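What follows is each chain in one-letter form.
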Amino acid sequence: MKLEKLSASTARLATAGVTAAAALGVGLYVNGGAPLEASAVQPERETKIAPGLAKVDDLALPNLPRADVPEVSFPIQMVALDVATDAPVAAMPTEEDAPILGCDIHVTASQAVAAMVNLDIMASCLPNERVVISHAGLSFSEVLDDTGALGITVPALEMDATFEVSFSNGASRSGATEVPSLQFYDRVALQWTGESGLQIHALEYGAAYGEEGHVWYGNTRDLTAVIGGQGGFMLRLGDGLSEISQMADVYTFPTGSAAADGAVELSVEAEVNGSNCGRQINASTLQIQQGSAAQTHAIDLDMPDCVATGDFLVLKNLLQDLTIAQK
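Residues numbered from 1 in each chain as written. Predicted model: local features only at pLDDT ≥ 70, side-chain atom pairs only at ≥ 80, totals over all residues. Heavy atoms only, no water.

A. Here's a closer look at the sheet that holds strand β14 (residues 280-289). With antiparallel pairing, five strands are arranged side by side in an open sheet as β11-β12-β8-β14-β15. The sheet terminates laterally at β11 (233-237) and β15 (295-302), the two strands that pair on one side only. Across the sheet, the axes of successive neighbouring strands diverge by a mean angle of 15°, strand direction being ignored. As defined by bridge partners, strand β8 (residues 186-193) adjoins β14 across seven bridges and the pair is classed as antiparallel. Bridge assignment links arginine 187 to a residue of β14, and that residue is isoleucine 288. (Pairing = 2+ DSSP bridges. Helix = DSSP H or I, 4+ residues; strand = E, 2+ residues; numbered from the N terminus. Axes fitted to C-alpha atoms, helices over the stretch in contact; angles between N-to-C directions.)

Quick look at the structure:
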């Protein structure tokens, strides 16, 4: 049945009808419960309801929702799910460097003056990469430029000179050339790794420290010094940019064309600094005389404590002095 909303006046009319009917029923037993005369009883008037409205008794109220909720049973124990049962991997294997495919690498060597070799390296796919150059027991590291190129002049230690260049991607290339002029020169080399403070010092023809004939890293000269047999020159090899840089000092004297008789005193010195103090440094020397086979010596040197920073250790008898005699 469709329910209509009752207006306030209609509700009051319906309520009045119910109240009047109740009053008539009660009036039958007044005055001590004696019944009234039948003539005194007024006929019941019919209560009229506005058209279209139902009596209050006929209105059906909607069912309200139940408050009770059916019982739900939950598990007593918590459920745990295993994500994986495999044991974790402790460490992944390191991936080794592999040569870069399609990388054009070229190394060429050509003879230069003063028993030197012009070495040209091109690796366009390896810009700014570190390379290691090895020759006759001598090794040093250099860095390619932004285009992957490097041009460097290096001393030969053998007349049949072969230079091997090792690249960071595992590749290697070599260049070779003949250097017959090496027979006219004496050459000594000192090599190390990192900041060792090591140096070669050459005192030509009785020169004292600080004089022109004192040739070392602080007074290297250049290869034009050998013109006319006047003296030698020093060359430092290696990029020197980190503790893993391989470095070398190489001293050359034109013994076969010397302008005067005399001698060159040679020594290895180590300056105590903040990088080498209190630790052991390792190095080696190579010495050739007019193209002969190289003589080598290993150096294991325990440096003083850091309170000695700035001092020098002079290591004699590692290199053989040069005796110069005109021919």
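B. Layout of the environment of aspartate 146. Tracing the backbone shows aspartate 146 in the loop between β4 (138-143) and β5 (149-155). Its relative accessible area of 61% is what places aspartate 146 among the exposed residues. In sequence terms aspartate 146 and glutamate 129 are 17 residues apart; their C-alpha atoms lie 8.9 Å from each other. Contacts of aspartate 146, omitting those with residues within four sequence positions, involve Pro127 and Asn128. Only 3.4 Å separates the side chain of aspartate 146 from the side chain of asparagine 128, close enough to count as a polar contact. (Buried < 20%, exposed > 50% of the residue type's maximum accessible area, 1.4 Å probe, protein only. Contact = heavy atoms within 4.5 Å. Polar contact = N/O pair within 3.5 Å; in protein donor to acceptor, adjacent residues only side chain to side chain.)

C. A look at the pattern of salt bridges. Under the counting rule described, the total for this entry stands at four salt bridges. We note a salt bridge from arginine 221 to glutamate 204, for which the minimum N-O separation is 2.9 Å. With a gap of 17 residues between them, arginine 221 in the loop between β10 (214-215) and β11 and glutamate 204 in strand β9 (residues 198-204) connect regions that are remote in the sequence. When its relative accessible area of 4% is taken as the criterion, glutamate 204 is described as buried. Where arginine 221 meets glutamate 212, a salt bridge forms, and the shortest distance between an N and an O atom there is 3.3 Å. The class of glutamate 212 is exposed, set by a relative accessible area of 53%. Overlapping salt bridges, with partners in common, bring together Glu204, Glu212 and Arg221 in one network. (Salt bridge = Lys/Arg side-chain N within 4 Å of Asp/Glu carboxyl O.)

D. Highlighting the nonpolar core. In terms of nonpolar packing, the biggest core is built from 39 residues, with Leu119, Ile121, Ile133, Leu138, Leu144, Val165 and Phe167 touching the most fellow members. The element contributing the most residues to this core is strand β2 (residues 116-123), with five residues. Leave out the neighbours within four places in its chain, and valine 165 touches Val107, Leu119, Ile121, Val131, Val132, Ile133, Ala171, Ser172 and Arg173. (Core = buried A, V, L, I, M, F, W, Y, C linked by side-chain atoms within 4.5 Å.)

E. Structural detail: the sheet that holds strand β1 (residues 105-112). Judged by pairing direction, the sheet is antiparallel, and its three strands sit side by side in the order β1-β2-β5 without closing on themselves. Each edge of the open sheet carries a strand with a single partner, namely β1 and β5. Between one strand and the next, the sheet's axes are offset by a mean angle of 15°, whatever the strand orientation. Here seven bridges tie β2 to β5, and the two strands are oriented antiparallel to one another. Residue pairing for β5: leucine 119 is matched across the bridge by isoleucine 152.

F. Quick look at the pairing of strand β7 (residues 172-178). Two elements, strand β6 (residues 160-166) and β7, share seven bridges in a ladder whose sense is antiparallel. Of the residues in β7, the one forming a bridge with valine 165 is arginine 173. Remark: five residues form the turn of the hairpin made by β6 and β7, two consecutive strands paired antiparallel; glycine 170 in that turn has positive phi of roughly 95°.

G. Looking closely at the pairing of strand β13 (residues 262-271). With seven bridges joining them, β9 and β13 adopt antiparallel strand pairing. If you follow histidine 201 over to β13, its bridge partner there is serine 267. The sheet contact formed by β13 and strand β16 (residues 312-315) spans four bridges and is antiparallel. Within the sheet, the bridge partner assigned to valine 268 lies in β16 and is leucine 315.

H. Main features of the state of the cysteines. For the coordinates displayed, the defined rule picks out one disulfide. Each sulfur of the disulfide joining cysteine 277 and cysteine 306 lies 1.9 Å from the other. Its torsion about the S-S bond being 65°, the disulfide of cysteine 277 and cysteine 306 is classed as right-handed. Remark: cysteine 306 occurs in the loop between β15 and β16 and cysteine 277 occurs in the loop between β13 and β14; sequence separation between them is 29 residues. Residue cysteine 277 is classed as buried on the basis of its relative accessible area of 11%. (Disulfide = S-S within 2.5 Å.)

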